[in-house]
Amino acid sequence: DTGQVMEYRVADKETLEWRKPGGAWTKARYQAFEAAPGVISFGHLLDGEPDHDGHMIAADFDQGLVTCFNGHLNTPYFANEAGCRVHFGVIEMDGLIPPKYRRHRFTDELLGRALSWNYQPGLTSMHLYSTPYSMSWIIFTDTGGGGTEWSGPAGYVKLRDELYYLYWLEEACNGTLGAIVVNLRTMHDAGIDYNCGARGLNIGPVGAHARHAGRFDITRFYQVQS
């Protein structure tokens, strides 16, 4: 909890307005998904911000908690490389009393797990949650064989039992920040892709069906907190 405040008002299923305290309302396009009952994920760009920021948000309206992955450009590496700041907070709105001290938290519960994800049209990727701070992935070829493996920084947040919010950065690759809510009960995800490439700055939805792809006992290499 950094003490930062963002205000939102939603006009329709594709339009919202945001502002920082004391600032003017700014209109933005967004898309939202209900990843689990009462848990809404959505994302949008913040026009006018110096680092071309985007917000990827998971809001739990049953618990009054929210996690924001703040994507931004102008990292120390390349101008089109995405970076990510993580903000934990609460939802303040009429009819909801947020908790005073409790927040979402980082978790090691996914450590060592591998899942394969089937995206449309026909893209299959296997994600390995390889360390508490990184993720590895393999994009499968059209013949079903595994392609080159890549790894990047990542973070894992627990929203509820078997419901997680995670991000990964495709550094030195395509400048992408992925942010998804992973539901291990439905074996599905819903999230937002933020990237800067040949087509400029983009933000859009991502989603896939998941299958278990094994698990590696790597917790012994880390000081895992319960």
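Everything that follows concerns the structure shown earlier in this document.
Definitions and limits used
- The written sequence of each chain sets the order in which its residues are numbered from 1.
- Confidence filtering applies because this is a predicted model: local features only for residues at pLDDT of at least 70, side-chain atom pairs given and counted only at 80 or more, and all residues used for totals across whole chains, interfaces and linings.
- Note that the side-chain values use all heavy atoms of the structure and ignore hydrogens as well as water.
- For this analysis, a nonpolar core means a set of buried residues of the types Ala, Val, Leu, Ile, Met, Phe, Trp, Tyr and Cys, connected via side-chain atoms within 4.5 Å.
- Working definition: with a 1.4 Å probe on protein chains only, accessible area under 20% of the residue-type maximum means buried, over 50% means exposed, and in between means partly exposed.
- For helices the rule is a DSSP run of H or I covering at least 4 residues; for strands it is a run of E covering at least 2, with both sets numbered from the N terminus onward.
- The contact rule is simple, with two residues in contact once any of their heavy atoms fall within 4.5 Å.
- Following DSSP output, two strands are said to pair if at least two bridges run between them.
- Think of a salt bridge as a Lys or Arg side-chain nitrogen and an Asp or Glu carboxyl oxygen that are within 4 Å of each other.
- Note on method: axes are straight lines fitted to C-alpha atoms, helices fitted across the in-contact stretch only, with angles between N-to-C directions ranging 0 to 180 degrees.
- Residues are called lining when one of their atoms sits within 4 Å of a cavity or pocket point, these points coming from a 1 Å grid over the protein atoms alone, where a cavity is a set in which a 1.4 Å probe fits but cannot get out and a pocket is an open set with protein on both sides within 12 Å along at least five of seven lines.
- Grid points are joined across faces, edges and corners, and a volume is the space filled by probe spheres set on the points.
- Charged residues are taken to be Asp, Glu, Lys and Arg, nonpolar residues to be Ala, Val, Leu, Ile, Met, Phe, Trp, Tyr, Cys and Pro, and polar residues to be all remaining types, Gly included.

> Outline the nonpolar core, listing residues and values.
The nonpolar side chains of a soluble globular protein tend to be buried with one another. Counting 22 residues, the largest nonpolar core has Met56, Phe69, Leu159, Tyr165, Leu177 and Val181 as the members making the most contacts within it. Mapped by element, the contributors of at least two residues to this core are strand 4 (31-36), strand 6 (54-60), strand 8 (83-90), strand 13 (146-160), strand 14 (163-170), strand 15 (176-183) and strand 16 (188-197). Broken down by element, the residue count for this core peaks at four residues, all from strand 14. The residues contacting tyrosine 165, other than those within four sequence positions of it, are Met56, Ile57, Ala58, Thr67, Phe69, Gly155, Tyr156, Val157, Leu159, Ala179, Ile180 and Val181.

> Could you give me a rundown of the pairing of strand 2 (residues 15-19), with the residues and numbers involved?
In this structure, strand 1 (residues 7-12) lies alongside strand 2, joined through five bridges in antiparallel fashion. Looking at the pairing, aspartate 12 lines up with threonine 15 of strand 2. In this structure, the hairpin formed by strand 1 and strand 2 is closed by a connection of two residues. Two strands pair when backbone bridges link them, and strand 2 and strand 3 (residues 26-29) are joined in this way by four bridges, in the antiparallel orientation. Opposite tryptophan 18, over in strand 3, you have threonine 26 as the bridge partner. Joining the antiparallel neighbours strand 2 and strand 3 is a turn of six residues, in which glycine 22 adopts a positive phi near 85 degrees.

> Describe the pattern of salt bridges, with residues and values.
By the definition in use, this model includes 11 salt bridges. Ionic pairing is found between arginine 9 and glutamate 17, a salt bridge with its closest N-O pair at 2.7 Å. Among the salt bridges present, the one from arginine 160 reaches aspartate 60, with a minimum N-O distance of 2.9 Å. Within this pair, whereas arginine 160 is found in strand 13, its partner aspartate 60 is found in strand 6, the two being separated by 100 residues in sequence. Looking at aspartate 60, the relative accessible area reads 2%, which means it is buried. The network of salt bridges with common partners includes Asp51, Asp53 and Arg85.

> So, the sheet that holds strand 2: which residues are in play, and what are the values?
With antiparallel pairing, three strands are arranged side by side in an open sheet as 1-2-3. The open sheet has two edge strands with one neighbour each: strand 1 and strand 3. The mean inter-strand angle of the sheet, taken between neighbouring strand axes irrespective of direction, is 30 degrees.

> Explain the layout of surface pockets to me, and be specific about the residues and the numbers.
Each pocket or cavity is described by its volume, and for the largest pocket that value is around 1,100 Å³. Lining of the largest pocket is provided by 38 residues; of these, Met6, Glu7, Tyr8, Val66 and Val90 occupy positions nearest its centre. Elements with a minimum of two residues in the lining of the largest pocket: strand 1, strand 5 (39-45), strand 6, strand 7 (65-72) and strand 8. Top element by residues in the lining of the largest pocket is strand 8. It accounts for five residues. When grouped by side-chain class, the residues that make up the lining of the largest pocket number 20 nonpolar, eight polar and 10 charged.

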